[in-house]
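So you can see what is in the structure, the chains are spelled out below.
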Amino acid sequence: MAVVPHRIAVLALDDVVGLDLGTPSQVFGTARTGDLDQLYTVEVCTPGGGPVRSTAGFQVLPEHGLELVEAADTVIVPGIHDGPPMVDGTVDPQVAAALRAAHQRGTRIMSICTGAFVLAAAGLLDGRRATTHWAYADRFRRLHPGVDLDPDVLFLDSEGVLTSAGVAAGIDLCLHVIRTDHGSAVANRSARRCVVPPWRDGGQAQYIERPIPRTAEAGTAATREWARQRLHEPVALRDLAAHARMSVRTFTRHFRSETGLSPAQWLLQQRTDHARLLLETTGLTVDQIARHAGFGTAAALRQHFHHRVGVAPTAYRRTFRRIS
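We now turn to the structure provided with this report. No experiment lies behind these values; they were computed from the predicted model shown.

This part is about the pattern of salt bridges. Once the charged atoms of two side chains with opposite charge are near each other, the side chains can pair. Applying the stated criterion to the full structure yields nine salt bridges. Linking Arg7 and Glu43 is a salt bridge whose minimum nitrogen-to-oxygen distance equals 2.6 Å. Residue Arg7 is located in strand β1 (residues 6-11), and its partner Glu43 is located in strand β2 (residues 40-45); the two are separated by 36 residues in the primary sequence. The salt bridge involving Asp138 is made with Arg141; its shortest N-O contact spans 3.9 Å. Placement of the pair is Asp138 and Arg141 together in helix α6 (residues 137-143), with a separation of three residues, close to one helical turn. One salt-bridge network, held together by shared partners, links Asp14, Asp15 and Arg53.

Listed below in structure tokens is the structure:
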């Protein structure tokens, strides 16, 4: 039976960021079933269907106007570098109305980078957690004090309204959506086709410019890879520091600077992600997965899994084993 692709509308406004505009078609275009059926179609629209300027020195000539938003299953607003949403926190009333109507119909709404300014101007982020590029966080807070802005994360999924941080974080968000819709196996294949990691450690904290330069000491990347190969073992902070040939204090400082997380938080994230993959792709019991992922007991796995993912391991497996 042929798959009916999920229809995505990319809504481009003047001064659209070129990379953000192309990200959805590139990433979602690689998502396919085992029989190579397309899982998504991606089309671009603009207000009135007219051309808009990009920040990359070209104009966007769309094939659709705002009527595409009415027909889409997901609407994505790429980042912009100028215009009313960035200057005074307003947006074309027709654009705002189209986005609000789509959200009320249950359409998934997403933004990449400063596209969050458009969603906020349309009133879709009031009272919600959201993110945008860290460099625009202060401006965003001034224009939209009613939004719970978190500039430290790569993306946020808030009840059908999803926002992402700057530029490449749009790739992370698109892969997250594919993983949510179709499971890790499909998302991982898409990531490989795009030559990017399936997920990135930490958040924006590791990319924020800091006035104090880093020292010339070695980083923690090799130790993180060493730990990933030993998730089934009890790895203590002192073990990580010893592998990196640093004191515990120095290692912890470098680790947080590079990943945005403490070593303990990072290990929990890696173990939970590994448990998700095992739940989706193997027939191992929850007890076995708990041991393989380093949680030790099924009770510990259930506690941490529910906290991070929002559902019990067995419920997660039922959902994603059925989709895959």
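We now examine the sheet that holds strand β9 (residues 155-158). If you trace the six strands from one edge of the open sheet to the other, you get β2-β1-β5-β6-β10-β9, paired in mixed fashion. Looking along the sheet, the strands with just one partner apiece sit at the ends: β2 and β9. The sheet shows a mean angle of 20 degrees between the axes of neighbouring strands, direction not considered. Note that strand β6 (residues 108-111) and strand β10 (residues 161-164) share three bridges and pair parallel. In the strand pairing of β10, Ile109 is matched with Val161. Sheet contacts for helix α1 (residues 18-28): β1, β2, β5 (74-77) and β6; angle to β2, the most-contacted strand, approximately 165 degrees. Each of β1, β5, β6 and β10 is contacted by helix α4 (residues 93-104), which is oriented at about 130 degrees to β6, the strand it contacts most.

What follows covers the nonpolar core. Counting 33 residues, the largest nonpolar core has Leu11, Val75, Leu99, Val118, Leu119, Leu125 and Phe140 as its most contacted members. Secondary structure elements with two or more residues in this core: β1, α2 (67-71), β5, α4, α5 (115-121) and α6. Excluding anything up to four places from it in sequence, Leu11 contacts Cys45, Thr46, Pro47, Leu66, Val75, Ile76, Val77, Pro78, Val95 and Leu99. Val10, Ala187, Ala191 and Cys194 belong to the second-largest nonpolar core, a separate cluster that totals 26 residues.

Attention now goes to the environment of Asp35. Mapped onto the fold, Asp35 is located in the loop between α1 and β2. The exposed category is assigned to Asp35, whose relative accessible area is 66%. Residues Asp35 and Val3, 32 residues apart in the sequence, show an inter-C-alpha distance of 9.9 Å.

Glancing now at the packing of helix α12 (residues 263-281) against helix α14 (residues 298-309). Packing of α12 against α14 leaves a shortest axis separation of 10 Å and a crossing angle of 95 degrees. In this view, α12 runs roughly perpendicular relative to α14, as classed from their interaxial angle. Contacts between α12 and α14 involve Leu268, Gln269, Thr272, Ala275, Arg276 and Leu279 on the former and, on the latter, Leu301, His304, Phe305, Arg308 and Val309. Considered class by class, the residues forming the contact of α12 with α14 number six nonpolar, three polar and two charged.

A few words on the state of the cysteines. The final tally for this structure, using the stated rule, is zero disulfides. The thiol of Cys45 is unpaired, and the distance to the nearest cysteine sulfur, on Cys174, comes to 15 Å. Cys174 supplies the cysteine sulfur nearest to Cys194, a cysteine that is in no disulfide, at a spacing of 9.0 Å. Assessed through its relative accessible area of 18%, Cys194 is described here as buried.

We now examine the environment of Ile178. Structurally, Ile178 can be placed in helix α7 (residues 169-182). In this structure, the C-alpha to C-alpha distance between Ile178 and Val91, residues 87 residues apart in sequence, is 29 Å. Setting aside residues up to four positions removed in sequence, Ile178 forms contacts with Val27, Phe28, Ala31, Tyr40, Gly183, Val186, Ala187 and Ser190.

Time to look at the pairing of β9. Alternating residues of β9 divide into Leu156 and Ser158, all buried, and Phe155 and Asp157, none buried. Direction of pairing for β9 relative to β10: antiparallel, over a ladder of four bridges. When the sheet's bridge partners are listed, Phe155 is paired in β10 with Ser164. The turn joining β9 and β10, which pair antiparallel and follow one another in sequence, is formed by two residues; a positive phi near 55 degrees is taken by Glu159.

Cut-offs applied
Residues numbered from 1 in each chain as written. Predicted model: local features only at pLDDT ≥ 70, side-chain atom pairs only at ≥ 80, totals over all residues. Heavy atoms only, no water. Salt bridge = Lys/Arg side-chain N within 4 Å of Asp/Glu carboxyl O. Helix = DSSP H or I, 4+ residues; strand = E, 2+ residues; numbered from the N terminus. Pairing = 2+ DSSP bridges. Axes fitted to C-alpha atoms, helices over the stretch in contact; angles between N-to-C directions. Contact = heavy atoms within 4.5 Å. Core = buried A, V, L, I, M, F, W, Y, C linked by side-chain atoms within 4.5 Å. Buried < 20%, exposed > 50% of the residue type's maximum accessible area, 1.4 Å probe, protein only. Parallel < 35°, antiparallel > 145°, perpendicular 65-115°, else oblique. Nonpolar A, V, L, I, M, F, W, Y, C, P; charged D, E, K, R; others polar. Disulfide = S-S within 2.5 Å.

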